[in-house]
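Structural description and commentary
Below are the chains, spelled out letter by letter.
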Amino acid sequence: MFSPSFCPKCGGPDLGQQVPPGDTHERLMCRACGYIHYVNPKIIAGCIIEQDGKYLLCQRAIPPRPGTWTLPAGFMESGETTEQAALREVWEESGVRAEIISPYSIFSVPTISEVYIIFRAIALEITGQYGPETLDYKFFAPEDIPWEQIYYPAIRQILERYIEERQAGVYGIYMGNDDSGKIHFIR
C-alpha cells in the first residue's frame, strides 16, 4: 500500500500514523499542518457478458498470474461511475462494446483493500480487438470454461452462481467477502 513520504498539502516531512480528533481509525496525518491522508479501498468494476449461452472471459497478459482467465474487469478511475468503469474495462480488455442490464455482485476483499462490483451486461458489438492487458478473449460454453485456470476465487464463485441462475431464469444480487469465503444472497 502506497503512503506518501511528504505531506501532499504542505510538503512537510512529518507524516505519522495517529487517530485524528473525532475519528475512529488511525490515519496517516501531517503533524505540521494537520492534513489527513486517507487510504481507502480500490474499486474493481466489471461485467458478466453472455451471448448465445456462452460467457466472455479474458486471458490475463499481465501480473498477477498471466495466462489465467477472468471476467473483464479492472480498477475504477476518478470521475467515473461504476457503470462507466465496468463498460470501459470490458472495452479495453476485450474490444466488446456492452450495455449493462443490472448489478449482480458486490464482493469485498479487505485483506488487500479491494471491492469488486460486477454487473450483468449484453454485448452490443464484438470488434475482435483487445488491449495489452489481455492475451486472448473468448466466449465459453459453461462446460468449456477453464475453471481451474480462473485466477480469482470470487470471480469463479460469481460465474458459477450466474450460470446456475441463468438456467433457472431468476437472478439475484449477491454480496460477500474473502473472510467468509462465500457469497451470500440478498434481495
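Throughout what follows, the structure given in this document is the object of discussion. Here the structure is a predicted model, which is why all the values come from computation and not from measurement.

A separate point is the overall build of the protein chain. Within the protein chain, the regular secondary structure consists of two helices and 12 strands. Going from the N terminus to the C terminus, the protein chain shows its helices and strands as β-β-β-β-β-β-β-α-β-β-β-α-β-β. Projecting the C-alpha coordinates of the protein chain onto the three principal axes gives extents of approximately 60 × 35 × 30 Å. Expressed as a percentage of its 187 residues, the buried residues of the protein chain come to 41%. Considering only contacts in the protein chain between residues 6 or more positions apart, those separated by 24 or more positions represent 59%. Counting every atom, the protein chain has about 10,500 Å² of accessible surface; 52% of that belongs to carbon and sulfur. Side chains of the protein chain carry 16 positive and 24 negative charges; the gap between the two charge centres is 3 Å.

Below, the discussion takes up a nonpolar patch on the surface. A cluster of nonpolar side chains, Ile-101, Ile-122 and Leu-124, forms an exposed patch at the surface whose accessible area comes to about 270 Å². Considering the arrangement of structural elements, one finds Ile-122 in strand β9 (residues 114–126).

Glancing now at the state of the cysteines. Tallied over the full model, the rule gives zero disulfides. Cys-58 takes part in no disulfide bond, and the closest cysteine sulfur, belonging to Cys-47, lies 11 Å away. Given the relative accessible area of 2%, Cys-58 is considered buried.

Definitions and limits used
Residues numbered from 1 in each chain as written. Predicted model: local features only at pLDDT ≥ 70, side-chain atom pairs only at ≥ 80, totals over all residues. Heavy atoms only, no water. Helix = DSSP H or I, 4+ residues; strand = E, 2+ residues; numbered from the N terminus. Buried < 20%, exposed > 50% of the residue type's maximum accessible area, 1.4 Å probe, protein only. Contact = heavy atoms within 4.5 Å. Areas by Shrake-Rupley, 256 points an atom, 1.4 Å probe, with all protein chains shown as cover. Lys, Arg positive; Asp, Glu negative; His and termini not counted. Charge placed at Lys NZ, Arg CZ, Asp CG, Glu CD. Patch = residues over 30% accessible without salt bridge, like charges linked within 9 Å, V, L, I, M, F, W, Y side chains within 5 Å. Salt bridge = Lys/Arg side-chain N within 4 Å of Asp/Glu carboxyl O. Disulfide = S-S within 2.5 Å.

Shape descriptors only; they carry no functional weight alone.
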